[in-house]
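One letter stands for each residue in the lines below.
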Amino acid sequence: MKKSIWAASVFLLFFSAGCANASEKPTVTIAAAASLTDVMEEIVPSYEEAYNVDVTLLLGSSGKLARQIEQGAPVDVFLSADTRWTTYLKKRGYTDEAQMETFAENRLVVISHHEHAAAGSLEALKSAAEDQTTAIGNPDSVPAGTYTKQALETIHLWDQMEDQMVFAGDVRQVLTYVESGDADYGVVYASDAFTSDKVHVTAEVDPSLHESIIYPAAVITKSRTEEAASDFITFLSTEAAGKTLENYGFTAIGDETNE
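Small disclaimer: the values here were computed from a predicted structure and weren't measured.

**What about a negative patch on the surface?**
A grouping of Glu 153, Asp 159, Glu 162 and Asp 163 is seen on the molecular surface, where their side chains present a negatively charged patch. Taking relative accessible area as the criterion, Glu 153 reaches 41% and is therefore assigned partly exposed.

**Overview of the sheet that holds strand 3 (residues 77-79)**
By definition, the strands of a sheet pair up through backbone hydrogen bonds, in either a parallel or an antiparallel sense. Pairing within the open sheet is mixed, and its 6 strands lie in the order 2-1-3-10-4-11. A strand with exactly one partner marks an edge of an open sheet, and here the two such strands are strand 2 (54-60) and strand 11 (251-252). Note that strand 1 (residues 27-33) and strand 3 share 3 bridges and pair parallel. Residue pairing across strands places Ala 31 opposite Phe 78, the latter belonging to strand 3.

**Thoughts on helix 3 (residues 62-70)**
All of the buried residues along helix 3 are Ser 62, Gly 63, Leu 65, Ala 66 and Ile 69. An end-on view of helix 3 places all buried positions within 165 degrees of arc, on one side of the element. Among the structural elements, strand 1, strand 2, strand 3, helix 4 (83-91), helix 5 (143-154) and strand 10 (214-220) are those in contact with the buried residues of helix 3. Among the residues trailing helix 3, Gly 72 stands out with phi positive, at a value near 105 degrees.

**Concerning the packing of aromatic side chains**
Scanning the entire structure with this criterion turns up 9 aromatic pairs. Measuring from ring centre to ring centre gives 5.4 Å for Tyr 215 and Phe 250, while their planes differ by 85 degrees; the resulting arrangement is edge-to-face. One end of the pair, Tyr 215, is in strand 10; the other, Phe 250, is in the loop between helix 10 (239-247) and strand 11, and 35 residues separate them in sequence. When sorted by exposure, Tyr 215 lands in the same class as Phe 250, which is buried. Through a chain of ring-to-ring contacts, the aromatic side chains of Tyr 47, Tyr 51, Phe 232 and Phe 235 assemble into a single cluster. For Arg 92, the ring lying beneath its charged end belongs to Tyr 88, and the centroid distance is 3.6 Å.

**Here we look at the nonpolar core**
Judged by nonpolar contacts, the single largest core of 67 residues is most densely connected at Leu 36, Met 40, Leu 79 and Leu 122. Broken down by element, the residue count for this core peaks at 6 residues, all from helix 9 (residues 226-236). The residues touching Met 40, leaving out its near neighbours within four places in the chain, are Ala 32, Pro 45, Leu 57, Leu 79, Phe 232 and Leu 236.

**With respect to helix 7 (residues 171-180)**
One turn of an α-helix holds 3.6 residues; hence residues three or four places apart share an orientation. Listing the buried residues of helix 7 in full gives Val 171, Arg 172, Val 174, Leu 175 and Val 178. Down the axis of helix 7, the sector holding all buried residues measures 150 degrees, keeping them to one side. Positioned one or two residues after helix 7, Gly 181 has a phi angle of 85 degrees, which is positive.

**Points about the side chain of Ser 61**
Along the polypeptide, Ser 61 turns up in the loop between strand 2 and helix 3. Polar contacts involving the side chain of Ser 61 include one to the main-chain amide nitrogen of Lys 64, which spans 3.2 Å.

Calculation criteria
Residues numbered from 1 in each chain as written. Predicted model: local features only at pLDDT ≥ 70, side-chain atom pairs only at ≥ 80, totals over all residues. Heavy atoms only, no water. Patch = residues over 30% accessible without salt bridge, like charges linked within 9 Å, V, L, I, M, F, W, Y side chains within 5 Å. Areas by Shrake-Rupley, 256 points an atom, 1.4 Å probe, with all protein chains shown as cover. Salt bridge = Lys/Arg side-chain N within 4 Å of Asp/Glu carboxyl O. Lys, Arg positive; Asp, Glu negative; His and termini not counted. Charge placed at Lys NZ, Arg CZ, Asp CG, Glu CD. Buried < 20%, exposed > 50% of the residue type's maximum accessible area, 1.4 Å probe, protein only. Pairing = 2+ DSSP bridges. Helix = DSSP H or I, 4+ residues; strand = E, 2+ residues; numbered from the N terminus. Arc of directions from axis to C-beta. Contact = heavy atoms within 4.5 Å. Phe/Tyr/Trp six-rings, centres within 6.5 Å; stacked < 30°, edge-to-face > 60°. Lys NZ or Arg CZ within 6 Å of the ring centre and 35° of its normal. Core = buried A, V, L, I, M, F, W, Y, C linked by side-chain atoms within 4.5 Å. Polar contact = N/O pair within 3.5 Å; in protein donor to acceptor, adjacent residues only side chain to side chain.

This is a description of form; function is not addressed.
Below, the structure written as structure tokens:
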């Protein structure tokens, strides 16, 4: 009899543990480009509610996040501000083309802390006073900086302006520099300028001067919650997520968004 009671107790213990584990929400870690900060703070809670999951959100420059993933950071989804860093991870076996989707586009603008700034175009930055500075993302790791460098090289101004530039660790730091007046001008995404009432857009950068600004989402091949990670990428293509992206100054891309 005692043996039967012990066996029943063990069964109940394992059954209870199994129920507890089944009720636990999966946690999805999403590493997202800094330019997605505000829009992700709205999209992520909607995804958590729709799929009954918890999300840990990591924000930073695409290059910095990609290198952290390469070094073993436990990330499930990577949202980059360009294809350079998803390709970087793909070559190293961390992403797979079958688990990757482009979900948004963006554009570059010139911003200033001053309402009546003189720089009415990217080219006009060269005519700014010699003591005035222009902040951009570090081209080596920040996609917004890479695109800016491409544009300035196209119009043959990169070498002439490099000494007047302040390099930032991510595009949101560029925005902060201009908001505070620590830089006279900055080049950021339109979506970044959209979030601030402390800067003024003085010009839009001609998109033909640089590569297309697209945002790919990729499931990391070593994801611990692959199904939930795939669900998030699917969620980014829904009409609701698309509308949120548009509300924050992005152009949404996705089959369900465009229906």
